[in-house]
Amino acid sequence: MEAISKRFFLQLSNSSVMDRLAKKWGPKFGANNIVGGETFEEAVPVIQEMNRQGLDITVDHLGEFVSSESEARQRAKECIHSIQTISGNQLNSQVSVKLTSLGLDIRHELVWENMISIMDEAQKHDVVVTIDMEDSTRTEKTLEIYKALKKRYENIGTVIQSYLYRSSEDLDDLDSYKPYLRLVKGAYKEPGKVAFVEKSDVDDNLKHLIEKNLLNGHYTAIASHDDAMIEFTKKFAVENNIPREQFEFQMLYGMRNDTQLALLKEGYKVRVYLPYGDDWYGYFMRRLAERPANVSFAIKGLFKK
Ligand SMILES: Cc1cc2nc3c(=O)[nH]c(=O)nc-3n(C[C@H](O)[C@H](O)[C@H](O)COP(=O)(O)OP(=O)(O)OC[C@H]3O[C@@H](n4cnc5c(N)ncnc54)[C@H](O)[C@@H]3O)c2cc1C
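Residues numbered from 1 in each chain as written. Predicted model: local features only at pLDDT ≥ 70, side-chain atom pairs only at ≥ 80, totals over all residues. Heavy atoms only, no water.

**Structural notes on the overall build of the chain**
Phase 1 of the analysis: Looking only at helices and strands, the chain features 12 helices and 8 strands.
Phase 2 of the analysis: Counting across all 305 residues of the chain, residues that qualify as buried make up 54%.
Phase 3 of the analysis: Long-range contacts, defined as pairs at least 24 residues apart, comprise 74% of the intrachain contacts of the chain with a sequence gap of at least 6.
Phase 4 of the analysis: Summing over all exposed atoms, the chain offers an accessible surface of approximately 14,300 Å²; the carbon and sulfur share of this is 52%. (Helix = DSSP H or I, 4+ residues; strand = E, 2+ residues; numbered from the N terminus. Buried < 20%, exposed > 50% of the residue type's maximum accessible area, 1.4 Å probe, protein only. Contact = heavy atoms within 4.5 Å. Areas by Shrake-Rupley, 256 points an atom, 1.4 Å probe, with all protein chains shown as cover.)

**Let's talk about the pattern of salt bridges**
Phase 1 of the analysis: Going through the model one piece at a time under the given rule, you end up with 27 salt bridges.
Phase 2 of the analysis: K98 is paired through a salt bridge with D132; the nearest N and O atoms lie 2.8 Å apart. Of this pair, K98 sits in the loop between strand 2 (93–97) and helix 5 (108–125) while D132 sits in the loop between strand 3 (129–131) and helix 6 (139–152), placing them 34 residues apart in sequence. For the pair K98 and D132, one class covers both residues: buried.
Phase 3 of the analysis: Each member of the salt-bridge network shares a partner with another, and the members are E69, R73, R107, E109 and E113. (Salt bridge = Lys/Arg side-chain N within 4 Å of Asp/Glu carboxyl O.)

**Focus: helix 4 (residues 69–88)**
Phase 1 of the analysis: For helix 4, spanning 20 residues, the distance from its first C-alpha to its last is 29 Å, which sits close to the expected 28 Å at 1.5 Å a residue.
Phase 2 of the analysis: In this structure, the buried side of helix 4 is in contact with helix 3 (40–53), strand 1 (56–61), strand 2, helix 5, strand 3 and strand 8 (270–276).
Phase 3 of the analysis: Note on helix 4: the residue one or two positions beyond its end, Q90, has a positive phi of about 50°. (Expected span 1.5 Å × (residues − 1).)

**Considerations on the confidence of the model for the chain**
Phase 1 of the analysis: Model confidence for the chain is summarised by a mean pLDDT of 90, while 89% of its residues fall at 70 or above.
Phase 2 of the analysis: Low pLDDT, under 50, characterises residues 300–305; the stretch is placed with 6 contacts to residues that sit more than four places away or in other chains. (pLDDT = per-residue confidence, 0-100.)

**Here we look at unusual backbone geometry**
Phase 1 of the analysis: At Q90, a residue that is not glycine, the phi angle is positive and equals roughly 50°.
Phase 2 of the analysis: Structurally, Q90 can be placed in the loop between helix 4 and strand 2.
Phase 3 of the analysis: The class of Q90 is exposed, set by a relative accessible area of 73%.
Phase 4 of the analysis: Of note, R256 is a non-glycine position whose phi angle comes to about 55°, a positive value.
Phase 5 of the analysis: Following the sequence through the fold, R256 ends up in the loop between strand 7 (247–252) and helix 10 (257–265).

**Focus: the packing of helix 5 against helix 6**
Phase 1 of the analysis: For the pair helix 5 and helix 6, the least separation of the axes is 11 Å and the interaxial angle reads 35°. Where helix 5 crosses over helix 6, the handedness of that crossing is right-handed. Of the residues in helix 6, those touching helix 5 at H108, V111, W112, M115, I116, M119 and Q123 are I145, A148, L149 and R152.
Phase 2 of the analysis: Within the contact of helix 5 with helix 6, the residues separate by chemical class into 8 nonpolar, 2 polar and 1 charged. (Axes fitted to C-alpha atoms, helices over the stretch in contact; angles between N-to-C directions. Left-handed = near helix turned anticlockwise from the far one by under 90°. Nonpolar A, V, L, I, M, F, W, Y, C, P; charged D, E, K, R; others polar.)

**Overview of the packing of aromatic side chains**
Phase 1 of the analysis: A complete count under the given rule lists 7 aromatic pairs for this structure.
Phase 2 of the analysis: Look at F249 and Y268: their rings are 5.5 Å apart centre to centre, the planes differ by 75°, and that puts the pair in the edge-to-face class. Remark: Y268 occurs in the loop between helix 10 and strand 8 and F249 occurs in strand 7; sequence separation between them is 19 residues. With respect to class, F249 is no different from Y268; both count as buried.
Phase 3 of the analysis: Among the aromatic side chains, those forming a connected cluster through ring pairs are F247, F249 and Y268. (Phe/Tyr/Trp six-rings, centres within 6.5 Å; stacked < 30°, edge-to-face > 60°.)

**Describing the side chain of N205**
Phase 1 of the analysis: Inspection of the secondary structure puts N205 in helix 8 (residues 199–215).
Phase 2 of the analysis: Not counting residues up to four positions away in its chain, the partners in contact with N205 are S162, L164, S167 and F196.

**Looking at the sheet that holds strand 5 (residues 180–184)**
Phase 1 of the analysis: The strand order 1-2-3-4-5-6-7-8 describes a closed barrel built from 8 strands, whose pairing is parallel. Taking each pair of neighbouring strands and ignoring which way they run, the sheet shows an average axis angle of 30°.
Phase 2 of the analysis: Alignment of strand 1 against strand 8, held across 6 bridges, turns out to be parallel. Of the residues in strand 8, the one forming a bridge with D60 is P275.
Phase 3 of the analysis: Along the sheet face, helix 4 touches strand 1, strand 2, strand 3 and strand 8 and points at about 170° away from the line of strand 2.
Phase 4 of the analysis: Against the sheet, helix 6 makes contact with strand 3, strand 4 (156–161) and strand 5, and its axis sits at roughly 155° relative to strand 4, the strand it touches most. (Pairing = 2+ DSSP bridges.)

As structure tokens, then:
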């Protein structure tokens, strides 16, 4: 049953008709529980309130797979605008970007120019930018761009997914770059040729990557809602004298709020990934695919204004 609903929501996430309708509707059907607003300005008070509670943020302007150069440049401008607004309002927030939204599938020079203009602004305002990891057909290109940018800018991070067989080797390859990494299980539908099929293998590999990156001495964001991963990290850090300043936990906005606050209270750093924008549909469907239990709050959202 769970496998069927996962497939169902992943298929829906790719429906362009539904996507167009969703933009017309605005974030309803529960999406407003996991999206910070349709514009960055709407998200600012949400960030301020979370900062007040002690939570750090990374914002993500929703949207991926743009097909025109002008759209990709527009997306880069929006990202620069969010960096300037973070700085102007002294928000405690980083920025997350998806390379497909900046032209990765169109032209290498386009995505590179867009990233350079974003990184110049981010460096000026001392804001960290993390490149989200998308599906496995883009992993290699994404890591190449990350490495080239890391040679020029300190304030840049990326993501490694534990469902991919290649990820442990990617950590070895990145070691000399002193990377800032977010470790996740992975959110896309991947073939068995490149990714573990069994969930237990994905979980074991995430533990392995956490150990490896922490022991390599690099800053590590453990992005998971899974208590087993959180407890594993805490124990491993104590047993191996890893200082708390070397890692943080990350969770998505609207998920496990109580756990986020409990970790803060215990003295851990917690960062919340806050998506905003009118392109919320695909993101929302992927979250439903990951955890069909989220359907219950989607249904509750139907009755909310
Ligand atoms: C901050 C952040 C950034 C991310 N960035 C990327 C990225 O760039 N690329 C990418 O591919 N993926 C990304 N992901 C998604 C990630 O890859 C996983 O798909 C997603 O986090 C689900 O895996 P999980 O480890 O949270 O828990 P799962 O493996 O889905 O669940 C394990 C257990 O955790 C508990 N749990 C999970 N979710 C909840 C919940 N909402 N409420 C209560 N309990 C829950 C349950 O006990 C569940 O059985 C990101 C995730 C986060 C949190």
